[in-house]
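This is what each chain is made of:
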2 protein chains.
Amino acid sequence: MKKKVVSFSNNAQTIIYTNAIWEKNIDTVLAKRNTVIITDKNVYRKHKAKFAHRICIVIAAGEAHKQQHTVDTIIAKLIQLGCDRQTFLLGVGGGVVTDITGYVASVFMRGIAFGFAPTSLLAMVDASIGGKNGVDVGIYKNIVGTINQPQFLFYDIHFLQTLPVSEWRNGFAEIIKHGAILNKKLFKEVAANNIKDYQQNTTLLNKLIQTNAYLKIGIVQSDMFEKAARKLLNFGHTLGHAIENTYKLTHGQAISIGMIAAAQISETLNGKPCKESLIQVFKKYGLPVHITFKVNSIMQILLKDKKKTTNGVHYVLLHEIGNAYYKNLEPDFIKQQLQQFIQA
Amino acid sequence: MKKKVVSFSNNAQTIIYTNAIWEKNIDTVLAKRNTVIITDKNVYRKHKAKFAHRICIVIAAGEAHKQQHTVDTIIAKLIQLGCDRQTFLLGVGGGVVTDITGYVASVFMRGIAFGFAPTSLLAMVDASIGGKNGVDVGIYKNIVGTINQPQFLFYDIHFLQTLPVSEWRNGFAEIIKHGAILNKKLFKEVAANNIKDYQQNTTLLNKLIQTNAYLKIGIVQSDMFEKAARKLLNFGHTLGHAIENTYKLTHGQAISIGMIAAAQISETLNGKPCKESLIQVFKKYGLPVHITFKVNSIMQILLKDKKKTTNGVHYVLLHEIGNAYYKNLEPDFIKQQLQQFIQA
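A. Highlighting the overall build of chain A. Assigned secondary structure in chain A consists of 15 helices and twelve strands. For a compact globule of 344 residues, the expected C-alpha radius of gyration is about 20 Å, and chain A comes in at 20 Å, within 12% of that figure. Along the three orthogonal principal directions, the C-alpha set of chain A runs to about 55 × 40 × 35 Å. Looking at chain A as a whole, 59% of its 344 residues qualify as buried. Looking at chain A alone, contacts between residues at least 24 apart form 71% of all its contacts between residues at least 6 apart. For chain A, the accessible area works out to roughly 13,400 Å², and carbon and sulfur atoms hold 51% of it. Taking the average location of the 41 positive side-chain charges in chain A and that of its 23 negative ones, the two points are 2 Å from each other.

B. The sheet that holds strand E10 (residues 308-309) of chain A, seen in detail. All names here are of chain A. The strand order across the open sheet built from three strands is E10-E11-E12, with neighbouring strands paired in antiparallel fashion. Unpaired on one side and paired on the other, E10 and strand E12 (323-329) mark the two borders of the sheet. Bridge analysis of E10 against strand E11 (residues 312-320) gives two bridges, and the strand direction is antiparallel. By the bridge assignment for E11, Lys-308 is matched with Val-313.

C. Broad picture of the relation of the copies chain A and chain B. Laying chain A over chain B is done by rotating through 180 degrees and shifting 0.0 Å along the axis; what remains is an RMSD of 0.0 Å. With respect to symmetry, the two chain copies, as superposed, fit the operation of a two-fold axis.

D. Geometry of the pairing of strand E6 (residues 114-118) of chain B. Residues and elements named next belong to chain B. Extensive coverage of E6 is indicated by the burial of five of its five residues. Side chains of E6 alternate between two faces, with Phe-114, Phe-116 and Pro-118 and Gly-115 and Ala-117 buried alike. In terms of handedness, the path from strand E5 (residues 87-93) via helix H5 (residues 95-107) over to E6 forms a crossover that is right-handed.

E. Structural context of the nonpolar core. Core analysis: the largest hydrophobic core is formed by 210 residues, its most contacted members being Phe172(A), Leu278(A) and Leu278(B). The contact partners of Leu278(B), leaving out residues within four places of it in the chain, are Ile176(B), Ala180(B), Phe187(B), Phe235(B), Met259(B), Ile260(B), Ala263(B), Leu318(B) and Ile321(B). Counting 18 residues, the second largest nonpolar core, distinct from the first, contains Tyr17(B), Leu90(B), Phe152(B) and Phe159(B).

F. Examining the pairing of strand E12 (residues 323-329) of chain B more closely. Residue and element names in this part refer to chain B. Alignment of strand E11 (residues 312-320) against E12, held across seven bridges, turns out to be antiparallel. By the bridge assignment, Tyr-315 is partnered in E12 with Lys-327. Where E11 folds back on E12, the antiparallel hairpin that results is connected by two residues, among which Gly-322 adopts a positive phi of roughly 95 degrees.

G. Representation of the pattern of salt bridges within the structure. In the structure shown here, the tally under the stated rule is 24 salt bridges over all chains. Note that Lys177(A) and Glu174(A) form a salt bridge whose closest N and O atoms lie 2.8 Å from each other. Highlighted residues: Lys177(A) and Glu174(A), both in helix H7 (residues 165-182), separated by three residues, approximately one helical turn. Glu174(A) matches Lys177(A) in its accessibility class, with the two residues each being buried. With a closest N to O distance of 2.6 Å, Lys216(B) and Asp126(B) form a salt bridge. With a gap of 90 residues between them, Lys216(B) in helix H10 (residues 202-222) and Asp126(B) in helix H6 (residues 121-127) connect regions that are remote in the sequence. A single burial state applies to Lys216(B) and to Asp126(B), both of which are buried.

H. Seen up close, the side chain of Gln149(A). Residue and element names in this part refer to chain A. As for its position among the elements, Gln-149 is in the loop between strand E8 (140-144) and strand E9 (152-154). Polar contacts involving the side chain of Gln-149 include one to the main-chain carbonyl oxygen of Gly-130, which spans 2.9 Å. Here the side chain of Gln-149 touches Gly-131 through a polar contact of 3.4 Å, landing on its backbone nitrogen. Aside from chain neighbours lying at most four places away, what touches Gln-149 is Phe-8, Ala-12, Thr-14, Phe-114, Gly-130, Gly-131, Val-220 and Met-224.

I. Spatial organisation of helix H14 (residues 295-302) of chain A. All names here are of chain A. Buried within H14 we find Val-295, Ile-298, Met-299, Ile-301 and Leu-302. Buried positions in H14, seen along its axis, are confined to an arc of 160 degrees and lie on one side of it. The inward-facing, buried residues of H14 contact E8, helix H11 (237-244), E11 and helix H15 (331-343).

Reading the values: the criteria
- Residues numbered from 1 in each chain as written.
- Chains lettered and ligands numbered in written order.
- Predicted model: local features only at pLDDT ≥ 70, side-chain atom pairs only at ≥ 80, totals over all residues.
- Heavy atoms only, no water.
- Helix = DSSP H or I, 4+ residues; strand = E, 2+ residues; numbered from the N terminus.
- Rg over C-alpha atoms; globule rule 2.2 N^0.38 Å.
- Buried < 20%, exposed > 50% of the residue type's maximum accessible area, 1.4 Å probe, protein only.
- Contact = heavy atoms within 4.5 Å.
- Areas by Shrake-Rupley, 256 points an atom, 1.4 Å probe, with all protein chains shown as cover.
- Lys, Arg positive; Asp, Glu negative; His and termini not counted.
- Charge placed at Lys NZ, Arg CZ, Asp CG, Glu CD.
- Pairing = 2+ DSSP bridges.
- Least-squares fit on C-alpha atoms with pLDDT ≥ 70 in both.
- Right-handed = clockwise from strand over helix to strand, strands pointing away.
- Core = buried A, V, L, I, M, F, W, Y, C linked by side-chain atoms within 4.5 Å.
- Salt bridge = Lys/Arg side-chain N within 4 Å of Asp/Glu carboxyl O.
- Polar contact = N/O pair within 3.5 Å; in protein donor to acceptor, adjacent residues only side chain to side chain.
- Arc of directions from axis to C-beta.

Below you can see the structure in the form of structure tokens.
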């Protein structure tokens, strides 16, 4: 197990444990902490032995349960367990688990300490990093939450052995996003390989995860509260969030479609060609590049997104692969572009 | 209207507007803010003209509604109104309204700006100050929330003209607490006057409110996250919180009884006599000094309070009037003291 401490602008610090092994290292990491684990039914069922003799709150799995009622259930359980300000919450799971765990820890008794052991590729490269937490409200994504850094991230890639292929695809959507907005070399590497290559080569996989994790950490360090650079990470998320819960897509599917739409808008606004190379790599990783949706109702949801400003929507676009920017787009222009997109 | 800026250790700033008049000053204060007002039915009904042509969310009045379901309702309404990160929330009301408004603003879209116009004496001298916000969970007080400072506090004492006497008493419980823990001179002044004296003398009342507001602000400035001095403000609140929702007491009634119990414990632990002078002043202000309760069930609630530590409960005690300290007390000792208290 390797240990590295990263610091953020508000003086928060997160310890990054990489090459970790749950059975060997978790007791050391949790030493002297009064830990309550929050996980979901899928993770709990697949890793029962890991949770033996530990206090666990097991929530229903899936984005449909990333709602306030799950938060209410966890808090009732924490009270019942007699938890106090010294209690430490460990979220073991994918992005839904880490988002909810971070949120509960941020508001329970006005804030207790917490850490994450991400178990999905998506959570390892993206969701568990950066302190954003919260829940959806109905179909509206992440409308409620806080920004609050975990005390540690515990990377054990053995969790990925039980991950279904749909979840590998989900993770690669964010990895491809990182390449597209920030790092052409990463984009090319991913385009040259496929899921099997990474599954069969632990060294390659470990390197990929760490590259992506530190790419995101770097962005969050430079701009924790999303005033500038961090906005770029929303590439594909404006349309993505609007269609994700409405059409019951996975997060990876939703943002892949969102990225293609954003690439189309980028090209319309004189960006270099980028849509086609994105389409090719998404197809290689089993991710969708198109969906037909009702533009009017999706516009209504999109205009309630957090990225909305008083005179439009903050949209992330590409100059070219590896080089992104954001721009305020007028709702009418977005609507017209989305109409073109669904007819393409 | 007078304006003073106070700063806190986390770089947050709050503007204190005193001697303000809603009709004359509120538009200046809210200029350029996209404001949504949150208030309760009582305040709305008594001050309808003040809310004309303003966007208001009116919640049910009273501590019984300081629960997550009210937060959910407000958030649904904010989404429906098309609110975004530029929306500003103004809480106009007593402590329940300011606690809920601050909490909603802290989590909606991961945090938007907010301010308070406290309308009750309790909110003016205590509840609206210091950034603590949140809701109760069932009978457990303030179990969920954050610490987040408002952009401003707007003091218009004309709101107090419609305040029922029970609410004046409620406010005086916290004022007497401030005197008891921090300021013997304040304690003596309050003991020498009565509610009518303050109601009939605006200068005296204004001075009392400002003294108490700045007393609390000073404590919060020195210790925003309650590591030391701020703990003293919990005098009377350990037992107070445990009995408040169970026996449907007002906050003032609950903490008055709590302060008498704490004074008794203080005397047991060799503090100077203080219980009798507290009893006299509470009686003068129409506040109760005793209640009979079930010690076992109240101990259970008390041991789920935020002030619980792994080996006891942080209890605020008095060396003498005007001089407080806190001490970790063992549950068995507290139980024995509470048994004596109810038999007194």
